[in-house]
Amino acid sequence: MACMHSGYAQAKLPNSSAVTNSKEDQEILELSKNKWNWMADKNTEALNGLFADNCVFVHMGGSWGKSQELNTIKGGGIWYKKAEVYGASVNILGNTAILLNDLDLLAVVGGNEVTHAFMVTEVYVKENGEWKMGSLTFSQLLRPVKMNTTPQQH
């Protein structure tokens, strides 16, 4: 008769109970924050260095690779104006980091300003000591948008 021990580790999720982040977790969180700023600033040079050559992007309207994403940002097809992150978590598996962001995204898509609630999955792979983005996926959430997008009065 054999006794079987069933144990499992649960993934860290955004907004879960306070979990201490490792130095590597913090590095990924900071990289993601920088990425959102570079996207808002349309800094395709910095993004080109971050995105792996075979990086994939999954949007509400389709999926494509690195060059199309950079061209879409540079040309203004999508302007990621502001990402308001409400919760983020990092799960590291070997040389792969999976970051989940619960956020609202204010963007201009095809000339129209829109705001959506998303769970954004970012996958990073460490190559030669450097993190490169391998995938960015937007999954629309059913929760209401929290971000205040009302124009500010001066």
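See the structure above.
**Description of unusual backbone geometry**
Backbone geometry at Lys42 places phi at a positive 55°, although glycine is not the residue there. Along the chain, Lys42 falls in the loop between α1 (23-40) and α2 (44-50). At Asn128, a residue that is not glycine, the phi angle is positive and equals roughly 55°. Note that Asn128 resides in the loop between β5 (112-127) and β6 (130-140).

**A few points about the pairing of strand β4 (residues 96-109)**
The buried count for β4 comes to eleven of 14 residues, which makes it a mostly enclosed element. The pairing of β4 with β5 spans 14 bridges and is antiparallel. Considered in β5, the bridge of Asn101 is made with Val120. A loop of two residues connects β4 with β5, the two strands running antiparallel in sequence, and Gly110 in this loop sits at a positive phi of about 55°.

**Focus on the sheet that holds β5**
The strand order across the open sheet formed by six strands is β2-β1-β6-β5-β4-β3, and the pairing between neighbours is mixed. The sheet is open, and its two edges are formed by β2 (62-65) and β3 (78-93), each paired on a single side. Each adjacent strand pair in this sheet contributes to an overall mean axis angle of 20°, direction not counted. Direction of pairing for strand β1 (residues 51-59) relative to β6: parallel, over a ladder of four bridges. Note on β6: the bridge partner recorded for Phe51 is Met133. Seen against the sheet, α1 touches β3, β4, β5 and β6 and runs at an angle of roughly 170° to β3. Packed on one face of the sheet, helix α3 (residues 66-75) meets β1, β2 and β3 and runs near 65° to β1.

**Focus on α1**
Counted at 1.5 Å a residue, the expected span for α1 with its 18 residues is 26 Å, and the 26 Å between its end C-alpha atoms agrees. When we look at burial in α1, the residues that qualify are Asp25, Ile28, Leu31, Ser32, Lys35, Trp36, Met39 and Ala40. Buried residues in α1 make contact with α2, α3, β3, β4, β5 and β6. At the C-terminal side of α1, Lys42 shows a positive phi close to 55°.

**A short note on the packing of aromatic side chains**
All chains considered together, the criterion is met by five aromatic pairs. Both rings, one in Trp36 and one in Phe138, keep their centres 6.2 Å apart while their planes meet at 70°; by these two values the pair is edge-to-face. A residue pair is termed long-range when its members are at least 10 positions apart, and Trp36 in helix α1 and Phe138 in strand β6 qualify at 102 residues. Judged by its relative accessible area of 7%, Trp36 is buried. Considering the side-chain rings of Tyr80 and Phe138, the 6.1 Å spacing of their centres and the 15° angle between planes classify their relative orientation as stacked.

So, how was this worked out
- What you see as residue numbers is a count from 1 along each chain, following the sequence as written.
- Given that this is a predicted model, residues contribute local features only at a pLDDT of at least 70 and side-chain atom pairs are listed and counted only at 80 or more, while totals for whole chains, interfaces and linings are drawn from all residues.
- The basis for every side-chain value is the complete set of heavy atoms in the structure, and neither hydrogens nor water enter the calculation.
- Secondary structure elements are defined from DSSP: runs of H or I of at least 4 residues count as helices, runs of E of at least 2 residues count as strands, and each element is numbered from the N terminus.
- Buried residues are those whose accessible area, probed at 1.4 Å on protein chains only, stays under 20% of the maximum for their type, while exposed residues exceed 50% and partly exposed ones sit between those limits.
- Two strands are said to pair when DSSP picks up at least two bridges between them.
- In this analysis, axes come from line fits to C-alpha atoms, helices being fitted only over the stretch in contact, and the angle between any two N-to-C directions falls in the range 0 to 180 degrees.
- Every residue pair with non-hydrogen atoms within 4.5 Å of one another is taken to be in contact.
- To estimate the expected span of a helix, subtract one from its residue number and multiply by 1.5 Å.
- Planes of paired rings set the category: under 30 degrees apart is stacked, over 60 is edge-to-face and the rest tilted, where pairs are Phe, Tyr or Trp rings (Trp by its six-membered ring) whose centres lie within 6.5 Å.

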